[in-house]
Amino acid sequence: MDSASAHRPVLLDEALAALAVTADGTYLDATYGRGGHAAEIAQRLSVDGRLVCFDRDPEAVAAAQERFKDDGRIRIDHGDFAMLADIAARETAAGFDGILLDLGVSSPQLDDAVRGFSFAHEGPLDMRMDPGCGETAADWLARAEQGELADVIHFLGEERFARRIARAIVNARAEAPIETTGRLAEIVAAAVPRRERDRHPATRTFQAVRIHINHELDALDAALEALPQALAPRGRAAVISFHSLEDRRVKRFFRDAAGQRPTSERDSHGRVLPEDPTANVPTLRTIGRPIAPSDDEITANPRARSARLRVAERLP
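Description of the structure in this document.

## Points about the overall build of the chain
Reasoning step 1: Per the secondary structure count, the chain includes 14 helices and seven strands.
Reasoning step 2: For 316 residues, the compact-globule estimate of 2.2 N^0.38 gives 20 Å, and the chain sits close to it at 21 Å.
Reasoning step 3: The C-alpha extent of the chain, read off along each of the three principal axes, is 60 × 60 × 35 Å.
Reasoning step 4: Burial status across the chain gives 51% buried among its 316 residues.
Reasoning step 5: Within the chain, residue pairs in contact and separated by at least 24 positions form 67% of the contacts whose partners lie at least 6 positions apart.
Reasoning step 6: Counting 42 positive and 51 negative side-chain charges, the chain places the averaged centre of each group 6 Å from the other.

## Focus: the pairing of strand β4 (residues 96-102)
Reasoning step 1: Among the seven residues of β4, six are classified as buried, and the element is accordingly described as predominantly covered.
Reasoning step 2: As paired elements, strand β1 (residues 26-29) and β4 share three bridges and run parallel to each other. If you follow aspartate 29 over to β4, its bridge partner there is leucine 100.
Reasoning step 3: Relative to strand β5 (residues 231-241), β4 is paired through six bridges, and the arrangement is parallel. By the bridge assignment for β5, leucine 100 is matched with alanine 238.

## Section: the pairing of strand β7 (residues 308-314)
Reasoning step 1: Extensive coverage of β7 is indicated by the burial of six of its seven residues.
Reasoning step 2: The sheet contact formed by β5 and β7 spans six bridges and is antiparallel. Residue pairing across strands places valine 239 opposite arginine 310, the latter belonging to β7.
Reasoning step 3: Where strand β6 (residues 284-286) and β7 come together, three bridges link them in antiparallel fashion. Note that in β7 the partner of arginine 285 across the bridge is glutamate 313.

## Topic: unusual backbone geometry
Reasoning step 1: Positioned with a positive phi, leucine 11 is a non-glycine residue whose angle comes to about 50 degrees.
Reasoning step 2: By the secondary structure assignment, leucine 11 is in the loop between α1 (3-6) and α2 (12-19).
Reasoning step 3: Relative accessible area serves as the criterion here: at 0%, leucine 11 is assigned to the buried category.
Reasoning step 4: Positive phi, close to 50 degrees, is recorded for alanine 20, a residue that is not glycine.

## Re the side chain of aspartate 29
Reasoning step 1: In this fold, aspartate 29 is placed in strand β1.
Reasoning step 2: One buried charged residue, aspartate 29, forms no salt bridge at all, with the nearest opposite charge on arginine 67 at 8.9 Å.
Reasoning step 3: Polar contacts involving the side chain of aspartate 29 include one to the main-chain amide nitrogen of alanine 38, which spans 3.4 Å.
Reasoning step 4: In this structure aspartate 29 touches His37, Ala38, Leu51, Val52, Cys53, Phe54 and Leu100, once residues within four positions along its chain are discounted.

## Quick look at helix α12 (residues 216-230)
Reasoning step 1: Here α12 spans 20 Å end to end across 15 residues, near enough to the 21 Å set by a 1.5 Å rise per residue.
Reasoning step 2: Listed as buried for α12 are Glu216, Leu217, Ala219, Leu220, Ala223, Leu224, Ala226, Leu227, Pro228 and Ala230.

## Some remarks on the packing of aromatic side chains
Reasoning step 1: Following the criterion strictly, the structure yields three aromatic pairs and no others.
Reasoning step 2: With a centroid separation of 5.3 Å and an interplanar angle of 85 degrees, the aromatic rings of phenylalanine 119 and phenylalanine 206 are classed as edge-to-face. With phenylalanine 119 in the loop between α6 (107-111) and α7 (137-143) and phenylalanine 206 in helix α11 (residues 203-214), the pair connects residues that are 87 residues apart, well separated along the chain.
Reasoning step 3: Consider the rings of phenylalanine 253 and phenylalanine 254, whose centres lie 6.4 Å apart with planes at 55 degrees: the pair is tilted.
Reasoning step 4: What makes phenylalanine 254 buried here is its relative accessible area of 3%.

## With respect to helix α10 (residues 181-191)
Since the α-helix turns once every 3.6 residues, residues separated by three or four places project in the same direction.
Reasoning step 1: The buried count for α10 comes to eight of eleven residues, which makes it a mostly enclosed element.
Reasoning step 2: Residues Thr181, Gly182, Leu184, Ala185, Ile187, Val188, Ala189 and Ala191 constitute the buried set of α10.

## As for the environment of arginine 236
Reasoning step 1: As for its position among the elements, arginine 236 is in strand β5.
Reasoning step 2: Separated by 50 residues in sequence, arginine 236 and threonine 286 place their C-alpha atoms 9.6 Å apart.
Reasoning step 3: In terms of polar contacts, arginine 236 uses its side chain to reach the backbone carbonyl oxygen of alanine 18, at 2.7 Å.

## Brief notes about the nonpolar core
Reasoning step 1: By size, the foremost hydrophobic cluster in this structure holds 39 residues, and its most contacted members are Leu125, Trp140, Leu149, Ile165, Ile169 and Leu184.
Reasoning step 2: For this core, the secondary-structure elements that each account for two or more residues are α7, α8 (146-157), α9 (162-175), α10 and α11.
Reasoning step 3: In terms of residue count, the dominant contributor to this core is α9 (seven residues).
Reasoning step 4: With near-sequence residues (within four places) excluded, tryptophan 140 lies in contact with Glu135, Glu148, Leu149, Val152, Val209, His212 and Ile213.
Reasoning step 5: With 31 residues, the next largest nonpolar core counts Leu12, Ala42, Phe242 and Ala304 among its residues.

How each quantity is defined
- Residues numbered from 1 in each chain as written.
- Predicted model: local features only at pLDDT ≥ 70, side-chain atom pairs only at ≥ 80, totals over all residues.
- Heavy atoms only, no water.
- Helix = DSSP H or I, 4+ residues; strand = E, 2+ residues; numbered from the N terminus.
- Rg over C-alpha atoms; globule rule 2.2 N^0.38 Å.
- Buried < 20%, exposed > 50% of the residue type's maximum accessible area, 1.4 Å probe, protein only.
- Contact = heavy atoms within 4.5 Å.
- Lys, Arg positive; Asp, Glu negative; His and termini not counted.
- Charge placed at Lys NZ, Arg CZ, Asp CG, Glu CD.
- Pairing = 2+ DSSP bridges.
- Salt bridge = Lys/Arg side-chain N within 4 Å of Asp/Glu carboxyl O.
- Polar contact = N/O pair within 3.5 Å; in protein donor to acceptor, adjacent residues only side chain to side chain.
- Expected span 1.5 Å × (residues − 1).
- Phe/Tyr/Trp six-rings, centres within 6.5 Å; stacked < 30°, edge-to-face > 60°.
- Core = buried A, V, L, I, M, F, W, Y, C linked by side-chain atoms within 4.5 Å.

As structure tokens, this is what we get:
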């Protein structure tokens, strides 16, 4: 069994149910990963159905092209979430019947030491989703000022000891460049005075650095803004997030797009701002409550434990 077929994606059945796939529909998998969701969507399509997949990781794109090279219903693109509006405009005039955003790092990425995503595997400190673009985590750690390091680790990692960790990184890099996952993990572990049960002390810092290097939240915001126009009427958006920063953004966007935000807002001085007459014009409706993995799924795949699935539907 190859790695693609052996890997079962998070919340697979729940995501497929949320998308309500129809045989002749047009769907978008905006994070191909290793194709678990995409393959199941494709199985539900007739010869008249279409599936567009894209991913910012060239290795994922190559895997998709090889897997679906003989399937004319499926188109593969290379790009990140920020391209969602452009891809939707190019691929369908009527909009997609379903869009899936899986915001997690795939298991092949985590398990490949060369990619540098995980402190569990010694390797070069890279962390780029697309190794051909942007600076590596090592490059950024070498140049960032202590205050910037602390802010990124605090806000993107929600790490209470961010200042201690930033200071430790600056002190350590003065002695020698921080170029491997193992060395960064050791520096962080030594700087954290208290340990969380069942969580490595470097977990939050690695998350923060990865999000920063890949501009993940900016790309997510761009994708969310594009969703209403990219969906066909009654088309479904299913978004799987893996940490609170992502989930809060998705929750807030769905709430606002459903017209549930406050009708009056205040400025920094507490003064009521003029009402925006278009502010509460809904474009989406939320479907159900957030869905978490079952106990059985978490037992089979502990990486799924923090996943949350939120679903919204484009209004007619």
